[in-house]
Each structure stands twice: as structure tokens, then as C-alpha cells.
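Chain by chain, the residues run as shown.
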Amino acid sequence: MFDDLNTPDDRALPAGGALPARGELARVGDEPSPAALPDREVPLPGAAPSLLHQWLDGDVATAIFRATPGGDEAVDLWNKIHDEAETLRSRTTPLYVHKRIMDALPDDKYRVDQPWYRRPIPMNPAVLAVVAVVLIALGAIIARAALR
Amino acid sequence: MRWGWRAPARKGIFRPQDGVLPAPGGVSRQLQAPRLTNPAADPTQPVDQADLDQEVIRRVLGGSRDAFELLIVRYSDPLYRHALGMTGSPDVAEDILQQSFIKAYQHLSEVRGRFDAWVFRIVANACKDWLKNIRRTHVSYDEDDQPSSYSTPEEELDRNELRSDLEVALAALAPSLREAFVMKHVEGRSYEEMAELLGTTVGALKMRVHRAREALQHLLEEKYA
């Protein structure tokens, strides 16, 4: 038995069980107002504990469930749904997604600051020019001192 | 035959890198992701997944960005399946997975307790937000080019139709009901495991699953039963 306690309007479910077009109906279980109903931990009023749920939870054998009115049809339906679930369950993440995630991670989020003497010196023309000037100056000073 | 969806009674929250369900009642804490500790010490000793995760997290927080990939490899599959079950779209599931892992990386220092449960909540919340906000056009998880496993074209057509109808029926569920159904019947989790991940009670989750089942049966039985 379907519970529409949380779907107060007529849009919730189609008459006759026909499948609705996507987006045409309110979601089953959508709350009627921002003040959401709390999850209930007691059986729904008027709904006896269903053999269907006991069977789907593995508490009742299929043969017993099949013997109930409508049991055969329900078993067939849920076997089909189960096969679909199996298909989905076998899906794995495409490998390119791993690389995409790694590429999108920020580079410097957890970079540890090292003391200045352990940091690598970036090599670029400006740095090389400064090094050359310093070396020439040092050479000149040493040469001048040696010639005295 | 008992139904039970051949679902395992699992005690671990995730079975990393595992696309196959264990035997019913099996407890899976086996690791298939790269080991970070010395396995030679005692290879028969079960390694605690949470300890390995904590070790990776320490490395990442210590500046090893690349170590984060171990966590991605370890947990992406179950998270991807959850996102796929919740959204029905491979593209959306990939985006949610990417955004969730980036968010996890940026807030990694805030992890308290198990990383897998923490990152699951990030993904689960992202999925529910997507479901609440999106004005969906037609999306379904048969959009991509996964190889067909059907024996005949007729069978494939039938399965595609069922898949499409199932996706429409799932889309009719409230996010919390869809989440409970996907976790129970697609991911094969126990109610206790679901309660641990979602921070709610087993009773509340059973009620959500029951309502989801009844709604799906109502929507699908006329055509398929």
C-alpha cells in the first residue's frame, strides 16, 4: 500500500499507476512545507508490516512470498529492478576522473614553508644577471687585493 | 530463493576498489588500495582502514599533495556509484565526485573520525543538493558508452526501457527516500551501516526504504509486473 502522508496534493502520484513524464509530478515524500516532518520510526497508520519488505530484507523466503496474492508479479518486478541495480553496482569510476580531480586540486594548500636556506633558487635571467654581477665584483675585489 | 538483494551484512563502511559484493554475512575490511604501512610485518594481520587513511591524511597535510590520490583511488568507486544512483547521470556523478574530493582536500584538516564516512557525507549532501535544485532535462545512466552486456538487441531494448522507467520512478522520490533506496538496494548496505553514515536511526531508515519501495512498486507494477 502506498503511503502519501507527505504528499498532500493530487500531483503526488498518477492515477492508475501510469508512469508520469519526468518532472511532471511532485516527488514522493516531498515535504508540504519548510517545516519538514520528522522521520517516523513507527509503522504508518493503517499499513500492516508488509511481507514485501520482509522478503526484500531477506527475512522471508521467496516461495512463501510468491504464495501470497500478487506475490508472483511482485517477485518478477523486483527481480527486474534487482538486475538493474546489479548493473549499476558494477560501475566504476572512469580513470580520467582521478586525473581530473588531481589536476583540479590547489597546489599550495598544504605546502610547508621551509627555511630560506633550504628553498630552491629559481633560475631565471634576472637571477643569473645578479649572480654574474656579484661574481665579477668579488673577482675584481680579490684581484685588486692581490695586486697591492 | 531468498531475496535480500544478495546484499551483504557489512560492517565496514566502504569496501574500497570493490565492484563485487562479498558473500552474505561477510565482513570486508580487506584492503586492495596501495599499502602505506609495512605489510611484511604480519601479512595475515588485518590492517585497519581508518589507520591507513589517517596516515595518508598526515602525509597530505605535511605537504604531499600527491598522496591524496591514494584516497581518491580507494574511495572513488563507491562514492561514484552513490552519486550515479542518486543522479542517474554519469556526467553529473563525475562532477559531484570531483567537487566533493576537492572540498575534502581543502578541509582535510577538519576530518574527525573516519575519512570514508566524512567524505561520504560530502558526496551525499552534494547529491541531495543537486536533486533539490536541478531543473532536470533528460538524464540517465545509460547515456554513456558502457559496453552492452545483453545477449540480444531485443533484450537490450527491454532493459533500456526498464532502466529509463526506473530512473523516472526514482526521480519521483524525495531525495531522502531515493538516497535510502540507493544505499540499501544499489549499494547493498545494511541498515546499521546506513544509519552510521547518515547519522540517523535504523528505524527511520527502514521507514524511508519501505516508502521508497512502495512508491516504486506502485509506479512500475502495472507495466512490468
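The preceding data block contains the structure.
Residues numbered from 1 in each chain as written. Chains lettered and ligands numbered in written order. Predicted model: local features only at pLDDT ≥ 70, side-chain atom pairs only at ≥ 80, totals over all residues. Heavy atoms only, no water.

Overview of the environment of Val119 of chain B
Residues and elements named next belong to chain B.
Phase 1 of the analysis: Mapped onto the elements of the fold, Val119 is located in helix α4 (residues 115-133).
Phase 2 of the analysis: The exposure class of Val119 is buried, given its relative accessible area of 0%.
Phase 3 of the analysis: Sequence spacing of Val119 and Leu97 is 22 residues, and the spatial spacing of their C-alpha atoms is 9.9 Å.
Phase 4 of the analysis: Not counting chain neighbours up to four residues away, the residues in contact with Val119 comprise Leu79, Phe101 and Ala104. (Helix = DSSP H or I, 4+ residues; strand = E, 2+ residues; numbered from the N terminus. Buried < 20%, exposed > 50% of the residue type's maximum accessible area, 1.4 Å probe, protein only. Contact = heavy atoms within 4.5 Å.)

Let's talk about the packing of aromatic side chains
All names here are of chain B.
Phase 1 of the analysis: Counted by the stated rule, this structure contains 7 aromatic pairs over all chains.
Phase 2 of the analysis: A ring pair is formed by Tyr75 and Phe115, whose centres lie 5.8 Å apart and whose planes are at 45°; its orientation type is tilted. Note that Tyr75 is positioned in helix α2 (residues 68-87) and Phe115 in helix α4, a separation of 40 residues in sequence. For the pair shown, Tyr75 and Phe115 are each scored as buried.
Phase 3 of the analysis: Between the aromatic rings of Phe115 and Trp118, the centroid separation amounts to 5.9 Å while the plane-to-plane angle is 45°, which identifies the pairing as tilted. (Phe/Tyr/Trp six-rings, centres within 6.5 Å; stacked < 30°, edge-to-face > 60°.)

Section: the packing of α4 of chain B against helix α7 (residues 191-198) of chain B
All names here are of chain B.
Phase 1 of the analysis: Packing of α4 against α7 leaves a shortest axis separation of 9 Å and a crossing angle of 75°. With respect to α7, the axis of α4 lies roughly perpendicular. Each of Ala117, Phe120 and Arg121 in α4 lies in contact with α7, whose residues at this interface are Glu196, Leu197 and Leu198.
Phase 2 of the analysis: The class makeup of the residues in the contact of α4 with α7 is 4 nonpolar, no polar and 2 charged. (Axes fitted to C-alpha atoms, helices over the stretch in contact; angles between N-to-C directions. Parallel < 35°, antiparallel > 145°, perpendicular 65-115°, else oblique. Nonpolar A, V, L, I, M, F, W, Y, C, P; charged D, E, K, R; others polar.)

Here we look at helix α4 (residues 95-104) of chain A
Phase 1 of the analysis: Buried within α4 of chain A we find Val97, His98, Ile101 and Met102 of chain A. Each buried residue of α4 of chain A sits inside an arc of 135° when the element is viewed along its axis, so together they form one side. For α4 of chain A, the exposed residues set more than 90 degrees away from the buried face come down to Lys99 and Asp103 of chain A.
Phase 2 of the analysis: Check the buried side of α4 of chain A and you find it contacts α2 and α3 (90-106) of chain B. (Arc of directions from axis to C-beta.)

Regarding the environment of Leu79 of chain B
Residues and elements named next belong to chain B.
Phase 1 of the analysis: Position of Leu79 among the secondary structure elements: in helix α2.
Phase 2 of the analysis: Take Leu79: its relative accessible area is 0%, and that puts it in the buried class.
Phase 3 of the analysis: Between the alpha carbons of Leu79 and Ala124 there is a distance of 8.5 Å; along the sequence they are 45 residues apart.

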